[in-house]
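Structural overview
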Amino acid sequence: MKVLVVNCGSSSLKYQVLDMVNENLLAKGLVERIGIEGSVITHEKIGIDKVVNEIPMETHKDAIENVIKAVTDKDHGVVESMDEIGAVGHRVVHAGERYSESVLITDKVMQVLNECVELAPLHNPPNLIGIEACKQLMPKTPMVAVFDTAFHQTMPAESYIYALPYEYYKKYGIRRYGFHGTSHKYVAERAAYMMNVNLDDLKIITCHLGNGASVSAIKRGVCIDTSMGFTPLEGLVMGTRSGDIDPAIVTYIRQKEGLAQGVANEILNKKSGVLGISGVSSDFRDLEKAAEEGNERALLAIKVFAHKVRFYIGAYIAEMNGVDAVVFTAGVGENDIAMRDIICNDLGNLGIKLDLVKNKVRGKEMEISRDDSKVKIFLIPTNEELMIARDTYKIVNK
Ligand code: ADP
């Protein structure tokens with residue numbers, strides 16, 4: 001069976017077509033600037049060619065129509081008709097406490113997901129619009145929703161309850177949820193496979209370090225803690241997000257600067273993180289270049305980012321009473337050699353020893369710890385789309 005994976009954002013849409021018989025990636029693509037002038041679709045037939053087409057796309061339905069055209073195109077396509085696509089897997093960011101696993105999308109599920117919009121007002125609406133568009137254009141094809149929050153639903157209450165009046169949890173669902181779950185799960189499974197040990201027998205810390213970044217503690221295959229919380233703002237320092245700060249700062253700055261409603265949120269999400277500290281960029285390539293040229297704030301941003309990752313690694317070792325493997329993934333985790341080095345530096349007493357030669361690698365699945373490192377360190381490129389396709393295939397074949 002072939003599966004279409006759709007990851008729909010507010011103005012962009014990523015897609016892949018996979019053949020689930022052998023989990024082969026057949027095609028992938030990206031629609032950008034949906035509803036904005038200059039909409040463009042980039043479609044790649046894997047190993048064959050890549051085409052870029054500027055086509056006006058007002059709505060997500062227009063975008064999906066063009067994805068269907070690209071996928072069925074007689075030159076660049078990978079299927080003759082959409083009837084060959086057995087199912088569609090959709091990435092959905094937030095399922096609250098409602099789903100701890102992926103689900104077949106029914107009217108009831110759509111209703112529940114609409115109720116979850118309140119929890120993720122930026123992310124869930126485009127996800128749902130993408131599902132609706134696909135349902136209209138492929139009415140007979142089963143659709144599955146795969147959630148960023150699902151993997152973290154195993155966290156014990158002491159990990160997810162905030163020390164706020166308990167009624168806010170009951171009334172508004174204010175608790176820690178965690179995100180990037182599909183990625184944390186995928187890399188943890190790969191690490192166990194690479195160690196040739198059952199996931200149930202391992203304690204793993206997974207560091208998903210991209211523009212958004214989170215760390216998870218995975219004990220015996222289940223997540224027991226993760227650094228993101230009620231929203232993807234909590235935890236690590238990120239590209240433009242503050243991560244953990246003293247909540248009193250928000251009220252203080254709001255008063256000092258006379259900020260209007262919503263501005264504080266914008267500052268914490270878009271103007272903070274390594275961009276905020278450095279004033280240079282949210283991209284670590286720019287930061288490292290600037291730091292090399294003597295920009296002290298860029299260097300400080302790098303150090304603060306690494307400090308927070310180390311902080312969480314230490315915390316999760318304590319929570320799990322040890323760790324067998326630390327995994328690095330996502331843009332920074334997979335590509336930033338210097339950052340992995342700073343994070344792992346001087347952790348020998350915790351049994352974590354990075355091999356500086358093996359570490360000189362980007363985007364390749366491999367072990368990068370020294371032979372005498374008690375804890376294995378892995379670089380594992382994430383593959384959320386494959387996880388979505390796997391869940392979709394499994395659920396549709398049930
Ligand atoms: P997103 O959260 O948007 O999916 P990614 O996981 O794609 O983010 O990560 C993007 C980030 O990865 C970039 O902003 C950049 O900081 C970092 N990155 C990518 N390539 C490199 C590299 N070669 N060296 C250092 N950092 C890199």
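Everything here concerns the structure above.
Keep in mind that this is a model prediction, so the values were computed, not measured.

Brief notes about the side chain of T392
Following the sequence through the fold, T392 ends up in helix α14 (residues 384-396). When its relative accessible area of 0% is taken as the criterion, T392 is described as buried. Non-local contacts of T392, meaning those with residues more than four positions away in its chain, are made with V3, A87, V88, G89, V144 and V146.

Describing the packing of aromatic side chains
Counted by the stated rule, this structure contains eight aromatic pairs. Relative to Y169, the ring of Y166 lies with its centre 5.5 Å away and its plane at 65 degrees, an arrangement referred to as edge-to-face. Remark: Y169 and Y166 occur in helix α5 (residues 166-172); sequence separation between them is three residues, near one turn of the helix. Looking at Y166, the relative accessible area reads 48%, which means it is partly exposed. Under the relative-accessibility criterion, Y169 is labelled buried at 12%. The interplanar angle of 75 degrees and the centroid separation of 5.7 Å between the aromatic rings of F311 and Y312 together place this pair among those described as edge-to-face.

A short note on the nonpolar core
Counting 45 residues, the largest nonpolar core has I205, C207, L209, F305, I313 and V326 as its most contacted members. Residue assignment for this core shows that the elements contributing at least two residues are β9 (203-209), β10 (213-219), α10 (284-292), α11 (296-320), β12 (325-329), α13 (337-344) and β14 (376-379). The leading source of residues in this core is α11, at eleven residues. Beyond its immediate stretch of four places on either side in the chain, L209 contacts L236, F305, V309, F328, T329, A330, G331, V332, G333 and I343. One finds V6, V17, I64 and A145 within the second-largest nonpolar core, a separate group that totals 41 residues.

Some words on the side chain of N124
Note on placement: N124 falls in helix α3 (residues 124-137). When neighbours within four sequence positions are excluded, N124 is seen to be in contact with V92, V93, H94, L113, C116 and V117.

A few points about α11
Here α11 contains 25 residues, and its C-alpha end-to-end distance of 36 Å stays within 8% of the 36 Å for a straight helix at 1.5 Å per residue. Burial in α11 covers these residues: A298, A301, I302, F305, A306, K308, V309, Y312, I313, Y316, I317 and M320. The backbone nitrogen of R297 has a side-chain oxygen 3.0 Å away, supplied by the residue at the start of α11, namely N295. Phi turns positive, to about 55 degrees, at N321, one or two residues after α11.

Description of the site of the ligand
All residues adjacent to the ligand are G210, N211, G212, D283, F284, R285, A330, G331, V332, N335, D336 and R362. Here an oxygen atom of the ligand sits 2.8 Å away from a polar atom, N or O, in the main chain of G331. V332 is positioned with one of its backbone polar atoms (N or O) 3.4 Å from an oxygen atom of the ligand. When residues in the shell around the ligand are grouped by element, the largest group, four residues, is from helix α12 (residues 330-335). Of the residues contributing to the shell around the ligand, the split by class is three nonpolar, five polar and four charged.

Structural notes on the sheet that holds strand β1 (residues 2-8)
Within the open sheet, the eight strands sit side by side as β5-β4-β3-β2-β1-β6-β8-β7. Their pairing is mixed. One side of each edge strand has no neighbouring strand; the edge strands of this open sheet are β5 (49-54) and β7 (103-104). Bridge count between strand β4 (residues 40-45) and β5: six bridges; the pairing is antiparallel. If you follow T42 over to β5, its bridge partner there is V52. Along the sheet, α3 contacts β1, β6 (85-92) and β8 (143-147); its crossing angle with β6, the most-contacted strand, is approximately 165 degrees.

Calculation criteria
Residues numbered from 1 in each chain as written. Predicted model: local features only at pLDDT ≥ 70, side-chain atom pairs only at ≥ 80, totals over all residues. Heavy atoms only, no water. Helix = DSSP H or I, 4+ residues; strand = E, 2+ residues; numbered from the N terminus. Buried < 20%, exposed > 50% of the residue type's maximum accessible area, 1.4 Å probe, protein only. Contact = heavy atoms within 4.5 Å. Phe/Tyr/Trp six-rings, centres within 6.5 Å; stacked < 30°, edge-to-face > 60°. Core = buried A, V, L, I, M, F, W, Y, C linked by side-chain atoms within 4.5 Å. Expected span 1.5 Å × (residues − 1). Polar contact = N/O pair within 3.5 Å; in protein donor to acceptor, adjacent residues only side chain to side chain. Near = heavy atom within 4 Å. Nonpolar A, V, L, I, M, F, W, Y, C, P; charged D, E, K, R; others polar. Pairing = 2+ DSSP bridges. Axes fitted to C-alpha atoms, helices over the stretch in contact; angles between N-to-C directions.

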